[in-house]
Amino acid sequence: MNDDQVELLITAAAQAGAKQALKDIGLSDQDAYDDVKELRGLLDSWRATKATVGQTIARMLTTAVLTALAVGIYMGWGK
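Cut-offs applied
- Residues numbered from 1 in each chain as written.
- Predicted model: local features only at pLDDT ≥ 70, side-chain atom pairs only at ≥ 80, totals over all residues.
- Heavy atoms only, no water.
- Helix = DSSP H or I, 4+ residues; strand = E, 2+ residues; numbered from the N terminus.
- Buried < 20%, exposed > 50% of the residue type's maximum accessible area, 1.4 Å probe, protein only.
- Areas by Shrake-Rupley, 256 points an atom, 1.4 Å probe, with all protein chains shown as cover.
- Lys, Arg positive; Asp, Glu negative; His and termini not counted.
- Charge placed at Lys NZ, Arg CZ, Asp CG, Glu CD.
- Salt bridge = Lys/Arg side-chain N within 4 Å of Asp/Glu carboxyl O.
- Expected span 1.5 Å × (residues − 1).
- Patch = residues over 30% accessible without salt bridge, like charges linked within 9 Å, V, L, I, M, F, W, Y side chains within 5 Å.

1. Brief notes about the overall build of the protein chain
- Scanning the protein chain for helices and strands turns up 2 helices and 0 strands.
- Its C-alpha atoms put the protein chain at 95 × 30 × 15 Å along the principal axes.
- Counting every position in the protein chain, which comprises 79 residues, the buried fraction comes to 1%.
- By element, 64% of the accessible surface of the protein chain is carried by carbon and sulfur atoms, the whole surface being about 7300 Å².
- The distance from the centre of the 8 positive side-chain charges to the centre of the 10 negative ones in the protein chain is 19 Å.

2. Details of the pattern of salt bridges
- Per the stated rule, a full pass over the model turns up 1 salt bridge.
- A salt bridge links R47 to D44, with the nearest nitrogen and oxygen atoms 3.6 Å apart. Taken together, the residues R47 and D44, both in helix α2 (residues 32-77) and 3 residues apart, mark about one turn of the helix.
- By relative accessible area, which is 48% here, D44 ends up partly exposed.

3. Comments concerning helix α1 (residues 3-24)
- The end-to-end C-alpha separation of α1 is 31 Å, in line with the 32 Å expected for 22 residues at 1.5 Å each.
- Positive backbone phi, at 85°, marks G26, one or two positions downstream of α1.

4. A short note on a nonpolar patch on the surface
- A surface patch of nonpolar side chains, about 430 Å² in accessible area, is lined by M1, V6, L9 and I10.
- Relative to the assigned elements, V6 resides in helix α1.

5. A short note on a negative patch on the surface
- A cluster of like negative charges, contributed by D29, D31, D34, D35 and E38, occupies part of the molecular surface.
- For D31, the position within the fold is in the loop between α1 and α2.
- Judged by relative accessible area, D31 falls into the partly exposed class, the value being 45%.

This is how it looks when you write it as structure tokens:
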């Protein structure tokens, strides 16, 4: 067996393994491309949502701290 035959054998085995793996997880039909595309869209939306939630929490904490400081300053001047 020469190098070209070994490479062909390895390539065929890899392709068969990949097809079986896709079949095992349910991505072997005609809708698989659309399914993966939809999953990527959902992941992108999730990442954007996480970022937005993080920014919102940071803004709320900043506003709370600044409000507390402003109230403290106002109460101090009122004496």
